[in-house]
Amino acid sequence: MSQQQHSNDVSIDAIPVDVANSQSTGVEPEDVPEEIRSITQALASEQPPTNPLVVLKAARWWYIHGKGGTDPVFQWAIEWARHLATDTPSDVNQFDSFLDYLVTVGFADEKSALR
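Definitions and limits used
- Residue positions within a chain follow its written sequence, with the count starting from 1.
- Residue-level local features of this predicted model are given only where pLDDT is at least 70; pairs of side-chain atoms are given and counted only at 80 or more, and the full residue set underlies all totals for whole chains, interfaces and linings.
- Hydrogen atoms and water are omitted, and side-chain values are computed over all heavy atoms in the structure.
- pLDDT is a per-residue confidence score from the predictor, ranging from 0 to 100.
- We count a stretch as a helix when DSSP gives it H or I for four or more residues in a row; a strand needs E for two or more, and each element gets its number in order from the N terminus.
- Helix axes are fitted to C-alpha atoms over the stretch in contact, other axes to C-alpha atoms as well, and angles between N-to-C directions run from 0 to 180 degrees.
- Throughout this description, any angle smaller than 35 degrees is read as roughly parallel, any larger than 145 degrees as roughly antiparallel, any in the 65 to 115 degree range as roughly perpendicular, and the remainder as oblique.
- The hand of a helix crossing depends on one turn: near helix anticlockwise from the far one by less than a right angle means left-handed, and clockwise means right-handed.
- In what follows, a contact means two residues having at least one pair of non-hydrogen atoms within 4.5 Å.
- Under the convention adopted here, Pro, Cys and the residues Ala, Val, Leu, Ile, Met, Phe, Trp and Tyr are nonpolar, Asp, Glu, Lys and Arg are charged, and Gly plus all remaining residues are polar.
- A residue counts toward a patch only above 30% relative accessible area and without a salt bridge, and it is joined to like-charged neighbours within 9 Å or, for Val, Leu, Ile, Met, Phe, Trp and Tyr, to nonpolar neighbours within 5 Å.
- Surface exposure here means Shrake-Rupley accessible area, sampled with a 1.4 Å probe, where a residue is shielded only by the protein chains that are shown.
- The salt bridge definition used is simple: a Lys or Arg side-chain nitrogen within 4 Å of an Asp or Glu carboxyl oxygen.
- Residue exposure (1.4 Å probe, protein chains only): buried if accessible area is under 20% of the type maximum, exposed if over 50%, otherwise partly exposed.
- The nonpolar core is taken to be a set of buried Ala, Val, Leu, Ile, Met, Phe, Trp, Tyr and Cys residues, with the residues joined through side-chain atoms within 4.5 Å.
- Any two rings among Phe, Tyr and Trp, with Trp reduced to its six-membered ring, count as a pair given centres within 6.5 Å; such a pair is stacked if its planes are under 30 degrees apart, edge-to-face if over 60, and tilted if neither.
- Whether a charge sits over a ring depends on NZ of Lys or CZ of Arg being within 6 Å of the ring centre and within 35 degrees of the ring normal.

Draft legend 1. Representation of the confidence of the model for the chain. Here the chain averages 85 in pLDDT, and 78% of its residues register 70 or above. For the chain, strand β1 (residues 9–10) is the element with the lowest average pLDDT, namely 50, and helix α3 (residues 72–86) is the one with the highest, namely 97.

Structure (structure tokens):
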């Protein structure tokens, strides 16, 4: 077991999953691992990730540590992965909800700062 992980953490990659803090009602920006933070911020940028596996890595983390299937970051990541896989337009309203949520959890002071 790596030195980063504790006995109550499980993971299938280098990003630990803290089971005790899963399905929380709120996520603090400092609790988000740097890799997930980077992917999340990239999803809000003008040049989002184009590798669906990278996007799904972030989706998984937000599903586990956020609000589950209703977490706006999880929902947008899944929507973006669907867009990448099918080359169909993505849901603009869902993107706006995602940006609003990132402001709410403290990733930025306003939506325009995320773009």
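The structure having been displayed, the exposition proceeds.
Draft legend 2. Local environment of the packing of helix α1 (residues 34–43) against helix α2 (residues 52–65). Two elements in contact, α1 and α2, have axes separated by 9 Å at closest approach and are oriented at 110°. Viewed along their axes, α1 and α2 adopt a mutual orientation that is roughly perpendicular. Between α1 and α2 the crossing geometry is left-handed. Contacts between α1 and α2 involve E35, I36, I39, T40 and L43 from the first element and V54, V55, K57, A58, W61 and W62 from the second. Looking at the contact of α1 with α2, its residues break down into eight nonpolar, one polar and two charged.

Draft legend 3. Looking closely at a nonpolar patch on the surface. On the surface, L53, L56 and I78 cluster together to form a nonpolar patch covering roughly 270 Å² of accessible area. Mapping L53 onto the fold places it in helix α2. When its relative accessible area of 64% is taken as the criterion, L53 is described as exposed.

Draft legend 4. Quick look at the nonpolar core. Counting 26 residues, the largest nonpolar core has V32, L43, W62, F98, L102, F107 and L114 as its most contacted members. Only α1, α2, α3 and α4 (92–105) provide two or more residues apiece to this core. With residues up to four places along the chain from it excluded, the contact list for L114 reads A44, S45, L99, L102, V103, F107 and A108.

Draft legend 5. The arrangement of the packing of aromatic side chains in detail. Evaluated as defined, the whole model comprises eight aromatic pairs. Here W76 and F98 contribute two aromatic rings whose centre-to-centre distance is 6.2 Å and whose plane-to-plane angle is 20°, an arrangement assigned as stacked. Here W76, found in helix α3, pairs with F98, found in helix α4; they are 22 residues apart in sequence, far enough to count as distant. Through pairs of rings, three or more aromatic residues link up here, namely W61, W62, Y101 and F107. Over the aromatic face of F107 sits the side chain of R37, whose NZ or CZ is 4.7 Å from the ring centroid.

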